[in-house]
Amino acid sequence: MSLLDRSRIAAQRIITDKKGFGQDLTFSTPGNTLTVIIAGRHTKHRMGVSTEGLPVNAKNASVTVVEKTLTDLSYPVRDSKGEVSLIGHLVSCVDSRTSVVCNYIVLQNYPDESLGIIVCLLGDHE
């Protein structure tokens, strides 16, 4: 097994392990035609940078998921060109600090093709 294979397995295990960083994430397609619950990593912090380059108090939320976890459930991850396309999908999860359900929409997605993971930057939804 190559070092890359080992790295891929380790990264995916860390992200999905609910005894560690993983937690339940609910993904829904635009129009709610398909909803799945998977394990992934949710983060939320309040540090941003203004257009002038100054620090500001701005919410930043993201989830990190394993692509194979979604595709194993027949969840549509890629578009007709084979590119990861989760923008506009909905994500819900429980905030680890407040235990409140957070509802988001995917604004950007950043796949790591080597490790098989996807980071989704989120915006508030309803």
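Residues numbered from 1 in each chain as written. Predicted model: local features only at pLDDT ≥ 70, side-chain atom pairs only at ≥ 80, totals over all residues. Heavy atoms only, no water.

1. Quick notes on the confidence of the model for the chain
Keep this limit in mind: Per-residue confidence from the predictor is reported as pLDDT, a score between 0 and 100. Helix numbers and strand numbers start at the N terminus; a helix is a DSSP run of H or I with at least 4 residues, a strand a run of E with at least 2.
The predicted model of the chain has a mean per-residue pLDDT of 93, with 100% of residues at 70 or higher. Put simply, strand S3 (residues 48-49) is where the chain has its lowest mean pLDDT, 76, and strand S1 (residues 23-28) is where it has its highest, 97.

2. Observations regarding the side chain of Thr29
Here is the rule we go by: Note on exposure labels: buried denotes an accessible area under 20% of the residue type's maximum, exposed denotes more than 50%, and partly exposed covers the range between, all computed with a 1.4 Å probe on protein chains only. Residues are treated as being in contact if the distance between any of their heavy atoms lies within 4.5 Å.
If you trace the backbone, Thr29 turns up in the loop between S1 and strand S2 (35-45). On the basis of relative accessible area, Thr29 is assigned to the buried category, the value being 5%. Among all residues touching Thr29, those that are not within four sequence positions of it are Leu34, Tyr75, Pro76 and His89.

3. So, the side chain of His42
Applicable threshold: Throughout this description, a polar contact denotes any pair of N or O atoms lying within 3.5 Å of each other; where both atoms belong to protein, one of them has to be capable of donating a hydrogen while the other can accept it, and for residues adjacent in sequence the pair is counted only when both atoms sit in side chains.
Here His42 lies in strand S2. Residue His42 is classed as buried on the basis of its relative accessible area, which comes to 12%. Here Tyr104 takes part through its side chain, which lies 3.1 Å from a polar atom of the side chain of His42. Every residue in contact with His42, bar those within four places of it in the chain, is listed here: Gln23, Leu25, Ser62, Val63, Cys93, Val94 and Tyr104.

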